[in-house]
Amino acid sequence: MAIDLPFIWAAIIAFAVLAYVILDGFDLGVGILFPFFPEKHDRDVMMNSVAPVWDGNETWLVLGGGGLLAVFPLAYSIILPALYAPIIAMLLGLIFRGVAFEYRWRTKRGEFLWNWAFAGGSMLAAFSQGIALGALVQGIPVVNRAYAGAWWDWLTPFSIATGFAILVGYALLGSTWLIMKTTGKLAEKARWIALRTCFATIAAMGIVSLWTPFLEPIYLERWFRWPTAIFSVIVPVLVLGCFTLLVSGIRGKRDAQPFLAALGLFVLGFAGIGISFYPFMVPPSVTIWDAAAPDSSLSFLLVGALFLVPIILIYTVYAYWVFRGKVDPEEGYH
């Protein structure tokens, strides 16, 4: 039986993107929440809670983007021209945010500028990711294996809605992370924010989910015709379960449960997108197999991935294990 290399690589890329979203999502969320915590001490603790892991989280973005170029070059050559603006905006946001991690600790007079760089960069990166996702979901026009749309095709009411949905969702991840990692008034305020952003996130997920099937006929067919229509029942039920655990964890003042439940919401949202997309790499016309590099290249790259991906996983798990537990407000990472 032949090994379906394009499918295996699609699964690896999907895993890398999901890992990036759920890991970098919470530290982007911490930046998004920065303006709601005006006290310097609180901001120091917030940054210290993510400082040991934020750069490692972005490894998954490099793996996903680099892997897309290497193993699905046709998809890369179509998606990038279609999404130049939001991708450049995202990278600029990540740059400002990354620089702020170091420079904020080196200045007193200009600290407020780096506070805004951290918060603004996080917001810009999150919103741009949502815009790019929305533009991809709504479909990219392709003619003769090349992008056939206009410069502003990515900017639509739907992509703006997904941008705000990701912004609110990351704020939820950030607030639940702070609940798990901090103590005292900071944690209580994070709990207050998490309770509100969880309702906003569910509302945003509902709006985007109800909107998506009507963007392309294939989405409508996938979600409302048998047998795939079964997911239209299973996924909402699981979302409701995660939402229940999230609210009960916040109100019950549990530390880890809200964060894990929020991650569950993102995993289910990602699964819903995957169900809608499959088997397309660039919806609604370029499939996984159309976009894949030759099997010889996929085989060669897969050998490297079998070593690289476990190493990244081990490093990630080890980093979170070393820096587990509550952040000590009296100690700094820098």
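Residues numbered from 1 in each chain as written. Predicted model: local features only at pLDDT ≥ 70, side-chain atom pairs only at ≥ 80, totals over all residues. Heavy atoms only, no water.

Caption draft 1: Fine view of the nonpolar core. Core analysis: the largest hydrophobic core is formed by 106 residues, its most contacted members being Trp9, Phe72, Tyr170, Leu178 and Met281. In terms of residue count, the dominant contributor to this core is helix α1 (residues 5–32) (16 residues). If we ignore the near neighbours within four places in the chain, the residues touching Phe72 are Pro6, Trp9, Ala10, Ile13, Gly67, Met281, Ile288, Ala291 and Ala292. (Core = buried A, V, L, I, M, F, W, Y, C linked by side-chain atoms within 4.5 Å. Buried < 20%, exposed > 50% of the residue type's maximum accessible area, 1.4 Å probe, protein only. Helix = DSSP H or I, 4+ residues; strand = E, 2+ residues; numbered from the N terminus. Contact = heavy atoms within 4.5 Å.)

Caption draft 2: How the structure looks around the packing of aromatic side chains. All chains considered together, the criterion is met by 18 aromatic pairs. Between the aromatic rings of Phe101 and Phe118, the centroid separation amounts to 5.1 Å while the plane-to-plane angle is 80 degrees, which identifies the pairing as edge-to-face. Of this pair, Phe101 sits in helix α6 (residues 84–103) while Phe118 sits in helix α7 (residues 111–137), and the two are 17 residues apart along the sequence. Phe118 shares its class with Phe101; the two are buried. Between Trp152 and Trp154, the aromatic rings sit 5.6 Å apart at their centres with planes inclined by 35 degrees, giving tilted as the arrangement. Taking the relative accessible area as the measure of exposure, Trp152 reaches 55% and is therefore exposed. Linked through ring pairs, Phe26, Trp177, Phe259 and Tyr320 together constitute an aromatic cluster. Stacked on the ring of Phe37, the Lys or Arg Lys189 has its end atom at 5.0 Å from the ring centre. (Phe/Tyr/Trp six-rings, centres within 6.5 Å; stacked < 30°, edge-to-face > 60°. Lys NZ or Arg CZ within 6 Å of the ring centre and 35° of its normal.)

Caption draft 3: Focus on the UniProt feature "transmembrane region" (unreviewed entry) in the chain. The UniProt entry lists residues 6–37, 82–100, 112–137, 157–180, 192–214, 226–247, 259–280 and 300–323 under the feature "transmembrane region" (unreviewed entry), expressed in the numbering used here. Across residues 112–137, helical content stands at 100% and strand content at 0%; the span's end C-alpha atoms are separated by 37 Å. Across residues 192–214, the secondary structure splits into 87% helix and 0% strand, with the terminal C-alpha atoms separated by 35 Å. (UniProt positions renumbered as here; feature names shortened; annotations may be inferred.)

Caption draft 4: Spotlight on helix α2 (residues 40–50). The element α2 is extensively covered by neighbouring structure, given that 9 of its 11 residues are classed as buried. Every buried residue of α2 is accounted for by Asp42, Arg43, Asp44, Val45, Met46, Met47, Asn48, Ser49 and Val50. Structurally, α2 contributes buried residues whose contacts are with α1, α3 (54–57), α6, α7, α8 (157–181) and α9 (184–211).

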